[in-house]
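Survey of secondary and tertiary structure
Given next are the chains, with one letter for each unit.
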Amino acid sequence: MRDTLTAPPAKTQVPLRHLTGPHTLDRAVIEHLLEQAAGFEQAGGIQPGPLRGRLLATMFYEPSTRTRFSFEAAMYRLGGQVLSAENATQASSAAKGESLEDAVRVISGYVDSIVLRHPDVGAPERAARVAQVPVISAGDGAGHHPTQALLDLYTIQKELGRLDHLRIGLAGDLRHGRTVRSLALLLSRFPANELVLISPPGLRMGDDIMGSLEQTRQRVRQTQDFAAAIPGLDVLYQTRIQAERFESPEEYERYRGIYVVSPDVMRRLPERAIVMHPLPRVGEIDPLVDADPRAAYFRQARNGLWVRMAVLDWAMGR
């Protein structure tokens, strides 16, 4: 007689595809995601609904425009739906003292994936440890911003035709800039690139990133001479001096406006080069530069839609 109380064989648990930082992305995954993004762009964002019936939660504990809107637009274009907490610090139970871990435990029971932005470095990893669904980082304080770095790679490849044998200038606040921290690591996955790190000594790239670049034997040059670095670049990646990352207004004022991309700078930049910026800009790119065809930053922002469609499809779909 069959024992009706015998439990059925346990199902094999498929690992969740979290994207919590650049360490998640080896070259094979990067190339797959960029290829998928190109396919979505070529289709004009019109898809038969690969994520129909799926639900995404966007949990933003810090302000966002491009990242939140592009993730939400990407999910809708893939046929899914979105639950959004755009000011989770004030408008969720975080205001009552609920921990991030508890919030993620609860919300991951309602949805199929979580996109998280949080001011604490390491928050996406903390969330992933307790989540029942994929967690995708939308930025963690001054830590990392992996999907921004992916769309930056997509933009460079689309504009220049390659991701290797390039000289890329990363300029501005490299100490607090999560976008450039992630981009530097992803660029090191591709051969013969040179990173020119342009910043004042007090805003130089952190030792953690420099150590990782050294391990991969990435060519790196550091300078604070903005004007001298411009003529040899293929990409000038300008960043904002982030007032919210400084301990005092006086420290911020010491660096504000230190590097500005002006028409004069553009005259020194090679004709083949492009200017990128993760946005928002607050004075570090003169609006007169917008008309220059080498100004790629608004095209770059548009590319976020295709890349984030690819990331969501990778995490939840095929």
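Residues numbered from 1 in each chain as written. Predicted model: local features only at pLDDT ≥ 70, side-chain atom pairs only at ≥ 80, totals over all residues. Heavy atoms only, no water.

Let's talk about the packing of aromatic side chains
The geometry of two aromatic rings is summed up by the distance between their centres and the angle between their planes. Just so we agree on the cut-off: When two rings of Phe, Tyr or Trp (its six-membered ring) have centres within 6.5 Å they constitute a pair, described as stacked for plane angles under 30 degrees, edge-to-face for angles over 60, and tilted for the intermediate range. The buried label applies to any residue whose accessible area, calculated with a 1.4 Å probe on protein chains only, is under 20% of its type's maximum; exposed applies above 50%, and partly exposed to all values in between.
One pass over the structure, following the stated rule, counts two aromatic pairs. Aromatic side chains Tyr 297 and Phe 298 sit 5.2 Å apart centroid to centroid with 65° between the ring planes, which places their arrangement in the edge-to-face category. For Tyr 297, a relative accessible area of 1% gives the class buried.

Side note on helix H2 (residues 66-77)
Basically, it comes down to this: In DSSP terms, a helix is any run of H or I states spanning at least four residues, a strand is any run of E spanning at least two, and both are numbered starting from the N terminus. Given the number of residues in a helix, its expected span is that number minus one, multiplied by 1.5 Å. Contact criterion: two residues are considered in contact whenever any of their non-hydrogen atoms come within 4.5 Å of each other.
In this model, H2 (twelve residues) spans 16 Å end to end at C-alpha, consistent with the 16 Å of a helix rising 1.5 Å per residue. Where H2 is concerned, the buried positions are Thr 67, Arg 68, Ser 70, Phe 71, Glu 72, Ala 74 and Met 75. Those residues of H2 that are buried lie in contact with strand E1 (55-60), strand E2 (81-85), strand E3 (113-118), strand E4 (135-140), helix H6 (146-160) and helix H12 (297-316). Within two residues after H2, Gly 79 carries a phi angle of roughly 95°, on the positive side.

Notes on helix H7 (residues 178-187)
Taking burial as the measure, the ten residues of H7 include ten buried ones, the bulk of the element. All of the buried residues in H7 are Arg 178, Thr 179, Val 180, Arg 181, Ser 182, Leu 183, Ala 184, Leu 185, Leu 186 and Leu 187.

Comments concerning the nonpolar core
This is how it is decided: The term nonpolar core refers to a set of buried residues drawn from Ala, Val, Leu, Ile, Met, Phe, Trp, Tyr and Cys, joined through side-chain atoms within 4.5 Å.
Leu 150, Leu 153, Leu 170 and Leu 312 are the most contacted members of the largest nonpolar core, which has 58 residues in total. If one sorts the elements of this core by residue count, H12 sits on top with ten residues. Leaving out residues up to four positions away in the same chain, Leu 170 has contacts with Val 180, Leu 183, Ala 184, Val 196, Leu 197, Ile 198, Met 205 and Tyr 237.

Some words on the sheet that holds E3
Defined as follows: Any two strands with at least two DSSP-identified bridges between them are counted as paired. With axes taken as lines fitted to C-alpha atoms, and helix axes fitted only over the stretch in contact, angles between N-to-C directions fall between 0 and 180 degrees.
Strand order across the open sheet formed by four strands is E2-E1-E3-E4, with parallel pairing between neighbours. Each edge of the open sheet is held by one strand with a lone partner, namely E2 and E4. Geometrically, the sheet is characterised by an average inter-axis angle of 15° between neighbouring strands, direction not taken into account. Sheet topology places E1 next to E3; five bridges connect them, and they run parallel. Within E3, the position partnered with Met 59 by the bridge is Leu 116. Against the sheet, H12 engages E1, E3 and E4, with an angle of about 140° to E4.

Notes on the pairing of E2
Residues in a regular strand project their side chains so that they alternate between the two faces of the sheet. Examined bridge by bridge, E1 and E2 share five bridges and lie parallel to one another. If you follow Leu 55 over to E2, its bridge partner there is Gln 81.

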